[in-house]
Amino acid sequence: MSNAETPAGVHITLDGVEIEAKPGEPIIEAAERAGTFIPRFCYHPRMRAVGVCRMCLVEVSGPRGFSLQPSCYLQVAEGMQVITNSEKVKKAQDGVLEFLLVNHPLDCPVCDKGGECPLQDQTLAYGPGESRFVEEKRHWEKPIEISKLVLLDRERCIQCDRCVRFANEVASDPFIDFAGRGDHTEVSTFPDGEFASYFSGNTVQICPVGALTARPYRFKARPWDLEEAESTCTACSLGCRMAVQFSRSEVTRFVGIDSEVVNHSWLCDLGRFSYEALDSDKRLTEPKVRYRSEMAEVSWRDAMARVGSHIRSFTAGHGAGSIAFLGGAGFTNEGLYSFVKLAKTAIGTDLFDADLDGGVPASVVFASPRATLTEALAAKVLVVASADVREELPVLFLRLNDAVKKGLRIIEISEVETSISPLAVERLPLSAARVALALQSGGPDAEHLGALVAASAGEEGEGAVFLLGKSNFADPSTVYASLAAATAKKWPAAKFLFANSRANIFGAMDLGAVPGWLPGRVATAPSDDAGQIIARAADEPMLLFLLGVDPLAELPDTALVRSALDNSTVVVIDSFDSAAAAYADVVLPVAAYGESAGTTTNFEGRVTRLGQAVVPKGQSKPDFLIAAEIARELGMPSGPTAPEAILAEMSRELPLYRGLAYADLASNRYPDGLVVPLERKAVSISARPRKLDPIATPGLIAPYHQGPAKPFASEAEAGKAEPGADSPKSPRVQLPEFAIDPAAVSVAADGRLRLLLTRRLYRPTAQLAAAPILSQLTAKAEIRVAPSTLEAIGASDGSEVKLIGDHGTEVLVVAKSDKSLPDGVVQGRLGDGANLLQLVRTGTWATYVKVGSN
Amino acid sequence: MGAFSPEMRERAESLVALYPERRSALIPLCHLAQEEAGYLTQPFMEEIAELTGTTPAEVYGTASFYDMLHTEPVGKYLVGVCTNIACLLQGGGELLEHAEQALGVAAGGTTDDEMFTLEEVECVAHCDKAPAVQVNYRFFGPLTGESFDNLIAKLRAGEYDGVVPPHGTLVRVRRENGIEVPLEEVFAERREMDRAKAERKAAAEAAKAKEGN
Amino acid sequence: MEQANQVPKIVTSRIGLDESWGIKTYLATGGYTALRKALTSMTPEQVADEVSKSNLLGRGGAGFEVGRKWSMLKPAPVRYLVVNGDESEPATFKDHMLIENDPHQIVEGTLISAYAVGAARAFIFVRGEFALGLERLQAAVNEAYAYGAIGRNIFGSGFSVDLVVHPGAGAYICGEETALLESLEGKRGNPRIKPPYFPAVMGLYGEPTIVNNVESMSNIPWIVNNGGASFAALGVGRSTGTRIFALAGHVNRPGNYEVEMAKLTFRDLVDRPEYGGGMRLGRQVKAFIPGGVSAPWFGPDQLDMPLSQDDVAKAGSMLGSGSIVMMDDHTCMVRAAWRIAKFFWRESCGQCTPCREGSGWIEKMMRRIELGSGRESDLDLLMDACDNIAPGLTWPPQQTTICVLGPSIPSSVASAIRMFRDEFLVHIKEGGCPYE
Ligand SMILES: Cc1cc2nc3c(=O)[nH]c(=O)nc-3n(C[C@H](O)[C@H](O)[C@H](O)COP(=O)(O)O)c2cc1C
Ligand code: SF4
Ligand code: FES
């Protein structure tokens, strides 16, 4: 908006021309903005400069005349003179390249990186013509596996320290380090260890040579055959920007795009390698209907006819209220809008719940002033009360880790230690229910938290941001609604973010795919949530549409879910085969990620575009088309059937989306998408190309689409209002009252323990099961208890124990001792094997279990 | 758990306590582990990681930077023949060749009986006695082929047992306990020193200004 | 400079005494009087003043004024003093001798310096290979504690400090002061990039830190006892006091000799009977290294140069660590330079590309020439590779690397090629070493 915000520039002379630079920035950045690209290897704009490869040497003036200095490391200073094009500089750079090639194998034709290799490219551009090196090169044993996902070819490594720095500084997973010395320096894990990090794939992405390669990608494609579509990751609701790369109609790789406001180019391994599942034989590719007891592949027409007749007969026989839609948080906004219209308008049922986790409800989300991620990271204090961020919204952990190094203060509220605990100035080891109760009725816990917040933020919470989410998956969502409501009441000036982590759950809320809401954040009569729908389905005849979810794997009280599915007519609309599909009467295959276009909404409310890279597999169709075809089958007007047109209808019909245009979303003006509702005020606008070092992400075909936003140069554009400037404000939602029952914090006197369920990143979902390499990473379910509790049970660390739920369910599971846990609780970590969800009692304030040694 | 014996663990913990930051004890702890096991085994590296608040990968990466830390077994005696410039000029290269023949292993190798590991080493700062040899970091020189053979024979016969401990034991003199100065108190004292210094400076300047008048 | 024996032995006075390393001998020869004097009758500034007046030049290699370095220490509540006893520069063996034979002198110097700079804790980093030295120094520290010279409220002065003896683990680069600090922090010994990691600004644990050499520290007690001026009265110009020269190579009496700075010439040191005693077997000097293998070589025509820091620098080399290596006319210069190149290749930390890869490449070429498979074009190639590490091959060198180990690599190789090109050509033409 205004240049007044940028601090006074520093003036340097670059190759004889005076340019303006930002105070504190390295020469390499200032030069690049002025159009002079200085070659480099070790420098990465999102990591600390180390200045070790020496490729970026330039001549810099100093007290003793000009000397060669690393431009990636040295910061600009007023009056500094820099020469990048002298003979001396050229010779130094040639020399470094020649040295780099001394021990680098020339196996480019068989190297995964060949064709997109900065070493190869810069050798062509800057290097000496011919190698003068005739000696024997250093040898290492060929590629070694440093984790299930990443392989290391040490002969190709140029010791740039990008991977080690990433592991250590960005991910805080220092499980790789340099070993050895001199030209025998190698990147290494502990001999018997591995690079077990949720973020390991980023090292592959930033390695400037072919030393680190990803097992799922190896030999899949040659870079020059690749095409790419810009997109957004939907593994969680953070919505990392990324490029889907494909070759000959097959998705071959995901590469992180450096979005200043979201992911800084990083991806987690679950998101990055989820494409593995796209090609698997667990994909649903044909419509199927049940004939007698067998599922048979049929045409879409026949499948639609069956769906239509089910809808008509249920409506006629039991009323529209016997039809329910579960799931959809993995769908596009356009698909959700179409399905909600189908359900709530065409069919006339209120029963739609996309949030199977029962996280913070839409009523609270809509009523709370939402922060953007940028605001949260710049907050005076950030209070985190949610499940472990690294397990739920992995890249958010990276952003928090970075922000804390830059001064962000975090206060954590969590009963268990999480990845955030070491980052926090303090962890309050309290349950969400306890804090909610304390905030409602006062007391020392509330005072303590109040003092902590007040130490950095205003009395009313000005400058504070709360990141709230479900931390115990055995709790009812009311606990979290109460906590959020109590927080908002105590700190009316604070802002919020919510950690519901399903991909497009916030889009689903905005579009009315949750109970009590219509599209556009319009309230309607309250109705049943997923748990209640399942309970009803166990008793009465119902028609259940499962939209990309498997309630058997995701909902508590498995026995109840099983009888509900048994009892109901089930239509599965999914991309992957799941346990629930065995109960289906109709299966409709949905186009998977990368196979259809559309938009998605992240946890800030940021709407971004999904890229279509390849055609839908087999007979599968995009979600919005399936909804349209069901509507047509019911004799309703199907409405628009292209994502652009559906979004246009949304922005016409719903004030929430007013001003949003599909074409804007991937444009130079809004490369990071737009947060809805659009703000009325004029804001600074960014534009492409947003020059970011192309070597930061070597595989990216369009590297200029990333990086920090560059203010618009043109006067005409500056100060122009956002597109939503004259749109009416979307309706303001009042925060409902929630009262928490003291039962939520009561301690069982009879030796039962309160169950605290947490999830890990790799949890057994249908899509993960379809990814051959990723699925190996799913951990086994286990429980953790305080050492004294373990002793009281009479079990030893690592032995199997028996958990008995209140409704008699018994589960055998391995128990571990954990010093950080209090007595009286048992932390169940969901995973493969034992199904801990079945222990959960729905409809109560807390779940208790008995633990016995086996 | 527990690669260190209880007694060594105690010593390990007192080493950690010597430094303002735990990680500083990493190398002394590696020496301690070598003292106990002859070389750095994986369980030791894991325990050192725990003691220093690092990961085993970092302990391994750090240890492997240093020539004296061995992550593979070595002989009871690590025999290093210096061939750097001062020794080279006095026949260090020839002495190394002789040592290879005499021990029957190339530099870097360990004899079959695991008594000797031979190394070609860089200058050991014993240049006035060139060509010099170090055995478990105890120095000998100047050596001829013959006196080298003699040395090996005596080591084999145990005649140097008091002088040359088995590989791993570096320093046999312990720091005596209970004499550390708590840093906090020292900091307080330093602040006091700084304050007094500032006062003296101010007084001196005042005096100077007065003189000037 | 006629009566050499009128010059006091400042740092080697106890060498050769019975149990020179024990506190009994130390106290009997005036030990710890300087510490007592400093702590009880001088302010820290007064101590630092005397050191400044002495113009003591650092003995670790760079030859920077100790007093000036102290004055650059950034004020902060936490400051550290680290003493560099990593001595690994080939053919340098003076610190080794001091650590083994007069550890108390180092301890006393360190304690006085800690007082002068207000260090919260002092560390003596000793090269790991000095097992005996480590034992003697640790024993000395224990004795000094018992004597009351270390610890709390030393000599009733109110000054407290702890002193930790820290063993290295074998890596030449850890002698470089910032690599040493990394190593002391328990990390890989990679030199730190500057700015801002000048130790006096940002050193150990990020706090302002003074790093001084063991021999530098050993001078401090004498300076306090006798005054900076008496120290500065010795020597010539900026080269004040005495200094230990470690004389090695083809001389009859290799050894450490403490002599007055700048008064003797290289020839004096080599030839005089009380020092080197002449070249071995009466041979001629072919070349010599005036200050450790990082220094460019000199020829016999420079033997008459005084042992002065500035004179040697003017002539294009350095006194460096005080090591002088004499090579007689039967020495193969290719082999000598190759061995030094091999040393740098083995000791490069591996951070910077030119040093990591260049050292290995140069070593391979040198080996090939020595072993008889050299080509004439290799000589230009070698010079060019050297030039890519130290552009211009000037002295003091320019560098393409973080620390000065890089530009040390070319010193010997380029010297040998420049001074003895013919000898390289003989190797190449005859397909092998003529001295074998
Ligand atoms: C590669 C390299 C190796 C060094 N080795 C040593 C050493 O072994 N001992 C030492 O005292 N200084 C060594 N130095 C010099 C130190 O960096 C530092 O200048 C010195 O310890 C400062 O002490 P002084 O000022 O008392 O000389 C080395 C420097 C370099 C670049
Ligand atoms: S493996 Fe790649 S990223 Fe890591 S240091 Fe080597 S070249 Fe750099
Ligand atoms: S040293 Fe600057 S990019 Fe590597």
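Residues numbered from 1 in each chain as written. Chains lettered and ligands numbered in written order. Predicted model: local features only at pLDDT ≥ 70, side-chain atom pairs only at ≥ 80, totals over all residues. Heavy atoms only, no water.

**Q** Would you explain the overall build of chain B in this entry?
**A** Within chain B one finds eight helices and four strands. Shown N-terminal to C-terminal, the secondary structure of chain B runs as helices and strands in the order α-α-α-α-β-α-α-β-β-β-α-α. A compact globule built from 213 residues should have a C-alpha radius of gyration of about 17 Å, whereas chain B, at 24 Å, is more than 25% larger. With respect to the three principal axes, the spread of C-alpha positions in chain B is 85 × 50 × 30 Å. Counting over 213 residues, chain B shows a buried share of 53%. Taking the contacts inside chain B whose residues are at least 6 apart along the sequence as the reference set, 63% of them involve residues at least 24 apart. A total accessible area of about 9,400 Å² is found for chain B, and carbon and sulfur atoms account for 50% of it. A distance of 12 Å separates the average location of the 20 positive side-chain charges in chain B from that of its 36 negative side-chain charges. (Helix = DSSP H or I, 4+ residues; strand = E, 2+ residues; numbered from the N terminus. Rg over C-alpha atoms; globule rule 2.2 N^0.38 Å. Buried < 20%, exposed > 50% of the residue type's maximum accessible area, 1.4 Å probe, protein only. Contact = heavy atoms within 4.5 Å. Areas by Shrake-Rupley, 256 points an atom, 1.4 Å probe, with all protein chains shown as cover. Lys, Arg positive; Asp, Glu negative; His and termini not counted. Charge placed at Lys NZ, Arg CZ, Asp CG, Glu CD.)

**Q** Sorry, what's going on with the packing of helix α3 (residues 44-54) of chain C against helix α9 (residues 214-226) of chain C here?
**A** Describing two packed helices takes the angle between their axes plus the distance from one axis to the other. Residue and element names in this part refer to chain C. Following both chains from N to C, one finds α3 and α9 inclined at 105 degrees, their axes separated by 10 Å at the closest point. Taken together, α3 and α9 sit at an angle that is classed as roughly perpendicular. Along its contact with α3, which presents Val47, Glu50, Val51 and Ser54, the element α9 presents Ile220, Ile223 and Val224. For the contact of α3 with α9, the residue count by class is five nonpolar, one polar and one charged. (Axes fitted to C-alpha atoms, helices over the stretch in contact; angles between N-to-C directions. Parallel < 35°, antiparallel > 145°, perpendicular 65-115°, else oblique. Nonpolar A, V, L, I, M, F, W, Y, C, P; charged D, E, K, R; others polar.)

**Q** Explanation requested: the sheet that holds strand β7 (residues 150-152) of chain A in the structure shown.
**A** Sheet strands associate in pairs through backbone hydrogen bonding, adopting either a parallel or an antiparallel arrangement. Residue and element names in this part refer to chain A. The strand order across the open sheet built from three strands is β6-β7-β10, with neighbouring strands paired in antiparallel fashion. If you trace the sheet from one side to the other, it starts and ends with β6 (144-145) and β10 (212-214), each paired once. The pairing of β6 with β7 spans two bridges and is classified as antiparallel. Within β7, the position partnered with Ile144 by the bridge is Leu152. (Pairing = 2+ DSSP bridges.)

**Q** How do you make sense of the domain arrangement of chain A when you look at a structure like this?
**A** How large an interface is tends to be reported as the accessible area lost when its parts come together. Residues and elements named next belong to chain A. Annotation of chain A at the domain level lists domain 1 (10-85), domain 2 (285-356 + 502-609 + 618-641), domain 3 (374-497) and domain 4 (746-853). When each unit is reduced to the centre of its C-alpha atoms, the spacing between domain 2 and domain 4 is 31 Å. Across the boundary between the two partners, domain 2 contributes nine residues, which contact ten residues of domain 4. Each partner contributes to the roughly 830 Å² buried at the junction of domain 2 and domain 4, and carbon and sulfur atoms together form 61% of this total. In this assembly, domain 2 and domain 4 are joined by zero salt bridges. The interface formed by domain 2 and domain 4 holds two residue pairs in polar contact (both at pLDDT 80 or more) in total. Its residues placed into classes, the side of domain 2 that touches domain 4 shows four nonpolar, two polar and three charged. (Domains from an automatic or database assignment. Buried area = accessible area lost by both parts, 1.4 Å probe. Salt bridge = Lys/Arg side-chain N within 4 Å of Asp/Glu carboxyl O. Polar contact = N/O pair within 3.5 Å; in protein donor to acceptor, adjacent residues only side chain to side chain.)

**Q** What am I meant to see in the site of ligand 1 here?
**A** All names here are of chain C. Near ligand 1 there are 17 residues, and of these Gly60, Asn84, Asn212, Asn213 and Ser216 occur at the shortest range. Coverage of ligand 1 by the protein amounts to 91% of the 600 Å² it exposes when considered alone. In terms of residue count, strand β4 (residues 209-213) provides more of the shell around ligand 1 than any other element does, three residues in total. The residue makeup of the shell around ligand 1, split by class, is three nonpolar, eight polar and six charged. (Near = heavy atom within 4 Å.)

**Q** Just to check I follow, could you spell out unusual backbone geometry for this structure?
**A** Backbone phi values are negative for most residues with the exception of glycine, while trans is the configuration of most peptide bonds. At the junction of C:Pro195 and C:Pro196, the peptide bond is cis and its omega measures out at 5 degrees in the coordinates. The amide bond that connects C:Trp395 to the next residue, C:Pro396, takes the cis arrangement and shows omega of -5 degrees. Looking at the secondary structure, you find C:Pro396 in the loop between α15 (377-389) and α16 (405-430). The residue A:Ser265 is not glycine, and still its phi comes out positive at about 85 degrees. Inspection of the secondary structure assignment puts A:Ser265 in the loop between β13 (250-256) and α6 (269-272).

**Q** Would you mind showing me how to read the interface of chain B and chain A here?
**A** In this complex, chain B contributes 14 residues to the contact, which on the side of chain A involves 14 residues. Note on chain B versus chain A: buried area summed over both sides is about 1,100 Å², and carbon and sulfur give 59% of it. Of all residues in chain B, the largest losses of buried area upon contact with chain A belong to B:Gln42, B:Ala57 and B:Tyr60, amounting jointly to 43% of the total for that side. Summed over the shared surface of chain B and chain A, the result is one salt bridge. As a salt-bridge pair, B:Asp67 and A:Arg181 come within 3.2 Å of each other at their nearest N and O atoms. Taken together, chain B and chain A are joined by five residue pairs in polar contact (both at pLDDT 80 or more). Here the side of chain B that touches chain A is composed, by residue class, of six nonpolar, five polar and three charged.

**Q** Explain the nonpolar core to me, please; I cannot follow it from the model alone.
**A** Soluble, globular proteins show a tendency: their nonpolar side chains are buried together. One finds A:Phe339, A:Phe545, A:Ile573, A:Leu588 and A:Ile630 to be the most contacted residues of the largest nonpolar core, which totals 226 residues. Not counting residues up to four positions away in its chain, the partners in contact with A:Phe545 are A:Val307, A:Ile311, A:Ile323, A:Ala324, A:Phe325, A:Leu326, A:Val571, A:Ile573 and A:Ile630. (Core = buried A, V, L, I, M, F, W, Y, C linked by side-chain atoms within 4.5 Å.)

**Q** What should I look at first to understand the interface of chain B and chain C in this one?
**A** Contacts between chain B and chain C engage 62 residues on the former and 79 residues on the latter. Regarding the contact of chain B and chain C, the summed buried area is about 5,800 Å², with carbon and sulfur atoms giving 56% of it. When the buried surface of chain B facing chain C is broken down by residue, B:Phe65, B:Leu89 and B:Glu122 rank first, second and third, together holding 12% of it. For the interface between chain B and chain C, the tally reads twelve salt bridges. Across the pair B:Asp194 and C:Arg79 runs a salt bridge whose closest N-O atoms are separated by 2.9 Å. If you list the elements that add at least two residues to the side of chain B that touches chain C, you get α2 (26-37), α4 (56-63), α5 (85-89), α6 (92-103), β2 (116-121), β4 (138-140) and α8 (183-212) of chain B.

**Q** Whenever I open this one, the sheet that holds strand β27 (residues 584-589) of chain A confuses me. Can you help?
**A** All names here are of chain A. Strand order across the open sheet formed by seven strands is β15-β14-β27-β26-β25-β16-β17, with mixed pairing between neighbours. The sheet is open, and its two borders are formed by β15 (294-297) and β17 (352-353), each paired with just one other strand. Across four bridges, the pairing between strand β14 (residues 288-291) and β15 is antiparallel. Residue Tyr291 lies in a different strand from β15, and its bridge partner there is Glu294.

**Q** Hey, could you run me through the site of ligand 2 in this one?
**A** Around ligand 2, a shell composed of 14 residues is seen, among which A:Cys157, A:Ile158, A:Cys160, A:Cys163 and A:Cys207 lie nearest. Here the shell around ligand 2 is composed, by residue class, of eleven nonpolar, one polar and two charged.

**Q** Explanation requested: helix α2 (residues 33-41) of chain C in the structure shown.
**A** An α-helical segment advances 3.6 residues per turn. Residues three or four places apart therefore align on the same side. Residues and elements named next belong to chain C. For α2, the set of buried residues is Ala34, Leu35, Ala38 and Leu39. Considered in projection along α2, the buried side chains sweep an arc of 120 degrees and stay on one side of the axis. On the buried face of α2, the contacting elements are α3, α6 (103-117) and α9. (Arc of directions from axis to C-beta.)

**Q** Hey, could you run me through the domain arrangement of chain B in this one?
**A** Assigned domains of chain B: these are domain 1 (6-65), domain 2 (77-157) and domain 3 (181-213). Each of domain 2 of chain B and domain 3 of chain B was reduced to a C-alpha centroid, and the two centroids are 56 Å apart.

**Q** What am I meant to see in α2(B) here?
**A** If you check α2(B), its first and last C-alpha atoms are 16 Å apart, about what twelve residues at 1.5 Å a residue would give, namely 16 Å. With nine of twelve residues buried, α2(B) is to be regarded as a mostly interior element. Restricting attention to buried positions, one finds in α2(B) the residues B:Leu26, B:Ile27, B:Pro28, B:Leu29, B:Cys30, B:His31, B:Leu32, B:Ala33 and B:Gln34. Looking at the buried side of α2(B), the elements it contacts are α1 (6-17), α3 (42-52) and α4 of chain B together with β3 (162-167) and α8 (177-184) of chain C. One or two positions beyond α2(B), positive phi appears at B:Gly38, with a value near 85 degrees. (Expected span 1.5 Å × (residues − 1).)

**Q** What should I look at first to understand the packing of aromatic side chains in this one?
**A** The description of an aromatic ring pair rests on the distance of the ring centres and on the angle between the ring planes. All names here are of chain C. The tally for this structure, following the rule as stated, stands at 35 aromatic pairs over all chains. A centroid spacing of 5.1 Å and a plane angle of 85 degrees characterise the contact between Tyr115 and Phe159, whose relative ring orientation is edge-to-face. With Tyr115 in helix α6 and Phe159 in the loop between α7 (131-147) and β3, this pair connects stretches of sequence that are 44 residues apart. Judged by relative accessible area, Tyr115 falls into the buried class, the value being 8%. Between Tyr172 and Phe343, the aromatic rings sit 4.7 Å apart at their centres with planes inclined by 65 degrees, giving edge-to-face as the arrangement. (Phe/Tyr/Trp six-rings, centres within 6.5 Å; stacked < 30°, edge-to-face > 60°.)

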